[in-house]
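Topology and contacts: notes
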Amino acid sequence: MISPVIDALSEEYEGKITVGKVNVDERNALAAQFGIASIPTVIIFKDGKEAKRMIGVHDADDYRDEIDRVI
């Protein structure tokens, strides 16, 4: 559902951030490692550490605001 938004943000921030997407239905261990209980969950990392977690559907501006705060 949010994949097109994430893809667009990936292009917008190309060279500034790295975007990865994981299908947690296929990667259960990874979902458990990061404590993902709800889909969608977007985790923003900085320097290898979680800086922000957004659960549920948000609009592009919400994601953009959080990315800008972190970078």
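For the structure itself, consult the block above.
Bear in mind the structure is a predicted one, so any value in this text is a computation, not a measurement. (Residues numbered from 1 in each chain as written. Predicted model: local features only at pLDDT ≥ 70, side-chain atom pairs only at ≥ 80, totals over all residues. Heavy atoms only, no water.)

1. Points about the pattern of salt bridges
- In the structure shown here, the tally under the stated rule is 5 salt bridges.
- Among the salt bridges present, the one from Glu12 reaches Arg64, with a minimum N-O distance of 2.9 Å. On the criterion of sequence distance, the pair formed by Glu12 in helix H1 (residues 3-12) and Arg64 in helix H3 (residues 60-70) is long-range, its members being 52 residues apart.
- Glu12 sits in the partly exposed class, given a relative accessible area of 43%.
- What you see here is one network of salt bridges that share partners, running through Glu12, Asp61 and Arg64. (Salt bridge = Lys/Arg side-chain N within 4 Å of Asp/Glu carboxyl O. Helix = DSSP H or I, 4+ residues; strand = E, 2+ residues; numbered from the N terminus. Buried < 20%, exposed > 50% of the residue type's maximum accessible area, 1.4 Å probe, protein only.)

2. Remarks on a negative patch on the surface
- On the surface, a cluster of negative charge is contributed by Asp59, Asp62, Asp65 and Asp68.
- Counting through the fold element by element, Asp68 comes out in helix H3. (Patch = residues over 30% accessible without salt bridge, like charges linked within 9 Å, V, L, I, M, F, W, Y side chains within 5 Å. Areas by Shrake-Rupley, 256 points an atom, 1.4 Å probe, with all protein chains shown as cover. Lys, Arg positive; Asp, Glu negative; His and termini not counted. Charge placed at Lys NZ, Arg CZ, Asp CG, Glu CD.)

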